[in-house]
Amino acid sequence: MRCNACWRDLEGRAISTTCGHLLCTEDASKILSNDGACPICDQVLSKSLMKPVDINPNEEWINMAMAGISPQILMKSAYRSVMFYIAQRDLEMQYKMNRVVAQCRQKCEGMQAKFSEKMEQVHTAYQKMGKRCQMMEQEVENLTKDKQELQEKFSEKSRQKRKLDEMYDQLRSEYESVKRTAIQPANNFYPRHQEPDFFSNPAVNMMENREPIRKG
C-alpha cells in the first residue's frame, strides 16, 4: 500500500479517510495543520474524518478485532476491504501511468526542443548556404562578363597584332629591297668612258710616242 499524497510505501500505521484514501502520518498532519483537502478527491478533511489504521496487523489484533462479529458483517467488511484494496491498486496504477506519461512527455518535450534547435540550425545553415549560392552565382556572372570582355580585348589585340605583323612584313620587305639596291655596283648607275691605260705597258707606250719624232 502507498500513501495517496506522496506515494511512498506505507509501513506500520497509516491514516484512513472517510473518502476512502490512505495517507501517511506526515501528510495527514500537514493536511490537518493547513486545513487542507484530500489530494485525490479534494474533500476537505478534519480530524474526525480520519482514522488511524494498522497496515500490517498481527494475528492477535486480527483475532481480537474479528471476535464476536457475525458472518454477515464479516462478509460486508471483507467486501469493503477488497473494494478499498482494488481502488488503491487502481490509484497506484494511475499514479504509475501518470508518472510514465509525465516522463514520456518530458522526454518528448526534450526531444522536441532538441529537434527544434536542430531544425533552427539546419534552417540557419540553409539560409547561409542560399546566400552563399547567390553570391557565387553573382560571382560567376561577373566572371563570365569579365571573360567576355577579356575575349573581346584579346580579339582586338589579335587584330592589332596581325596589322602590326603585316606592317612589319611590309617594312622588312621595303628594307630588304632598299638594302639590295644600295649594295649594287656603282657602274650600273653611272657608266664610265673608255680611256687609254697608261700604266699597262709603259715602255711600249713611250716607244710609240717617240717614233714619229725620229722620222721627222
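Residues numbered from 1 in each chain as written. Predicted model: local features only at pLDDT ≥ 70, side-chain atom pairs only at ≥ 80, totals over all residues. Heavy atoms only, no water.

- Per an unreviewed UniProt entry, the chain is named Zinc finger RING-type, and its organism is Arabidopsis thaliana x Arabidopsis arenosa.

1. Quick look at the overall build of the chain
- Looking only at helices and strands, the chain features four helices and three strands.
- Ordered by position from the N terminus, the helices and strands of the chain form the series β-β-α-β-α-α-α.
- The 216 residues of the chain split such that 11% are buried.
- Across the chain, every contact between residues at least 6 apart in sequence was considered, and the portion connecting residues at least 24 apart equals 46%.
- Accessible surface computed for the chain: about 18900 Å², of which carbon and sulfur atoms make up 57%. (Helix = DSSP H or I, 4+ residues; strand = E, 2+ residues; numbered from the N terminus. Buried < 20%, exposed > 50% of the residue type's maximum accessible area, 1.4 Å probe, protein only. Contact = heavy atoms within 4.5 Å. Areas by Shrake-Rupley, 256 points an atom, 1.4 Å probe, with all protein chains shown as cover.)

2. What about the side chain of Glu92?
- One can find Glu92 in helix H3 (residues 71-182).
- We classify Glu92 as buried; its relative accessible area is 3%.
- A distance of 2.9 Å separates a polar atom in the side chain of Glu92 from a polar atom in the side chain of Arg89.
- Ignoring sequence-local partners within four residues, the contact set of Glu92 consists of Met1, Arg2 and Trp7. (Polar contact = N/O pair within 3.5 Å; in protein donor to acceptor, adjacent residues only side chain to side chain.)

3. Examining the confidence of the model for the chain
- Chain-level statistics for the chain give a pLDDT mean of 83 and a share of 85% at 70 or above.
- When mean pLDDT is compared element by element in the chain, strand E2 (residues 22-23) scores highest at 92, while helix H4 (residues 202-215) scores lowest at 49. (pLDDT = per-residue confidence, 0-100.)

4. Considerations on the state of the cysteines
- Summed over the entire model, instances satisfying the criterion amount to zero disulfides.
- The thiol of Cys6 is not disulfide-bonded; the next cysteine sulfur, from Cys3, is found 3.7 Å away.
- Overall, the relative accessible area of 28% leaves Cys6 in the partly exposed class.
- Here Cys24 stays free of any disulfide, with the sulfur of Cys3 as its closest cysteine sulfur at 3.6 Å. (Disulfide = S-S within 2.5 Å.)

5. Overview of the sheet that holds strand E1 (residues 13-17)
- Reading across from one edge, E2-E1-E3 is the order of the three strands in this open sheet, with antiparallel pairing throughout. Each edge of the sheet is formed by a strand with only one pairing partner; in this case those strands are E2 and strand E3 (50-54).
- Bridging between E1 and E3 involves five bridges; their strand directions are antiparallel. Bridging from a neighbouring strand, Ile15 pairs with Pro52 of E3. (Pairing = 2+ DSSP bridges.)

6. Section: the side chain of His21
- Considering the arrangement of structural elements, one finds His21 in the loop between E1 and E2.
- If sequence neighbours within four positions are ignored, His21 has contacts with Asn4, Ile15, Ser16, Cys38, Ile40, Cys41, Phe84, Gln88 and Leu91.

7. Some points on the packing of aromatic side chains
- All chains considered together, the criterion is met by one aromatic pair.
- Geometrically, the ring pair formed by Trp7 and Tyr95 is stacked, given 4.5 Å between the ring centres and 15° between the ring planes. With Trp7 in the segment before E1 and Tyr95 in helix H3, the pair connects residues that are 88 residues apart, well separated along the chain. (Phe/Tyr/Trp six-rings, centres within 6.5 Å; stacked < 30°, edge-to-face > 60°.)

8. Quick look at the nonpolar core
- Of all hydrophobic cores here, the largest spans 13 residues; its most connected members are Leu10, Leu23, Leu45 and Met50.
- Contributions of two or more residues to this core are made by E1, E2 and helix H1 (25-33). (Core = buried A, V, L, I, M, F, W, Y, C linked by side-chain atoms within 4.5 Å.)

9. As for the pattern of salt bridges
- This structure, assessed with the given rule, holds six salt bridges.
- A salt bridge links Glu26 to Arg8; the shortest N-O distance between them is 3.8 Å. Here Arg8 lies in the segment before E1 and Glu26 lies in helix H1, a separation of 18 residues in the sequence.
- Under the relative-accessibility criterion, Glu26 is labelled partly exposed at 44%.
- Measuring nitrogen to oxygen at the nearest pair gives 2.9 Å for the salt bridge that ties Glu92 to Arg89. With Glu92 and Arg89 both in helix H3, this residue pair falls three residues apart, about one helical turn. (Salt bridge = Lys/Arg side-chain N within 4 Å of Asp/Glu carboxyl O.)

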